[in-house]
Amino acid sequence: MTENSIVLQNLDNGLLTITMNRPERRNALNPDMTRGLVEAARRAAEDHEVRAVLIKGAGGTFCVGGDVKSMAEGRAPLPFEAKLTNLRRGMEVSRILHQMAKPVVAQLDGAAAGAGLSIALSCDLRVASESCKITTAFAKVGFSGDYGGTYFLTQLLGSAKARELYLTSPVLTAQEAHALGVVTKVVPDAQIDAAARELAMSLAQGPSIALGFIKRNINNAEHLSLEDCFDGEAIHHTRCGETADHKEAAKAFVEKRKPVFKGA
């Protein structure tokens, strides 16, 4: 399914692939792109046919962040409040991807920089090609950061490493990012499309209710007390036990076969 030419959507066997489609600008974010990303993320969260999400960029690049060239073209500046409102509205894509009860995989090739990296960090898993370059980038263009990158990187690596990566903005290789824990796995460039899709499709064919609760439990652990996390785990675990997917998994275990999950 294609919603527009800048953000493409394709639903296949429960996997919604969202493609940022400005390859001539290395998928830099502009107002149309951010609007399309928020719409696609909302669709992914709300559509019961969507069981997992893969987000990627067209033309061999994930996303280089905001369209700095466009910013520098000298257009009439918007009032502060208008700029703030527009930015905050676009940043919703990161919140939705992070909080939706469905697993999200980011396919990182070419470059993931600035807000592009922030969006990738909002996802659950990140598969990078060997030649991908990864950087926060903001300090080098006189910005402090947006799209949740400071939150996600701090949660992922701790404040000391997040400070280092934001204040000095080094360009990391995919291998360096993997060693830090920023990306989940690194694959040869020629395998990135297949590897990212295979991982995302495996999640789309998994026990969707349980995967959603796993994601919620981990998100809860970022801000709730131990007691509240225990309560959440107990509720979610009990609910999973009542699902058809759990019953299928138990039956498959006894029959020594691979379970077939239907997301119910």
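Everything discussed here concerns the structure shown above.
The rules behind these values
The numbering scheme is per chain: residues are counted from 1 as the chain's sequence reads. For a predicted model such as this one, the threshold for reporting local features is a pLDDT of at least 70, and the threshold for listing and counting side-chain atom pairs is 80 or more; totals across whole chains, interfaces and linings nevertheless cover every residue. To obtain the side-chain values, all non-hydrogen atoms of the structure were used and water was disregarded. Here, a salt bridge means any Lys or Arg side-chain nitrogen found within 4 Å of an Asp or Glu carboxyl oxygen. Only runs of H or I of at least four residues qualify as helices and only runs of E of at least two qualify as strands under DSSP, and these elements are numbered from the N terminus. The buried label goes to any residue with under 20% of its type's maximum accessible area, the exposed label to any with over 50%, and the partly exposed label to all in between, with areas taken from a 1.4 Å probe on protein chains only. Paired strands are those between which DSSP finds at least two bridges. Seen with the strands pointing away from the viewer, any crossover whose path from the first strand over the helix to the second strand runs clockwise is right-handed.

Trainee: I'd like a description of the pattern of salt bridges, backed by residues and values.
Mentor: All told, the structure shown has 12 salt bridges when counted by the stated rule. The salt bridge involving Glu-164 is made with Lys-161; its shortest N-O contact spans 2.9 Å. With Glu-164 and Lys-161 both in helix α7 (residues 159-167) and three residues apart, this pair spans about one turn of that helix. Glu-248 serves as the salt-bridge partner of Arg-257, at 2.7 Å between the closest nitrogen and oxygen. Judged by its relative accessible area of 16%, Glu-248 is buried. Sharing partners across several salt bridges, the network here consists of Arg-22, Arg-25 and Asp-67.

Trainee: Just give me the short version of the pairing of strand β3 (residues 52-57), but keep the residues and values in it.
Mentor: Of all six residues that make up β3, six are buried, and the element is covered over most of its length. Residues Ala-52, Leu-54 and Lys-56 line one face of β3 and the alternating positions Val-53, Ile-55 and Gly-57 line the opposite face, and both faces are buried. Examined bridge by bridge, strand β2 (residues 15-20) and β3 share six bridges and lie parallel to one another. Bridge pairing links Thr-19 to Lys-56 in β3. Crossover β2 to β3 through helix α1 (residues 31-46) is right-handed.

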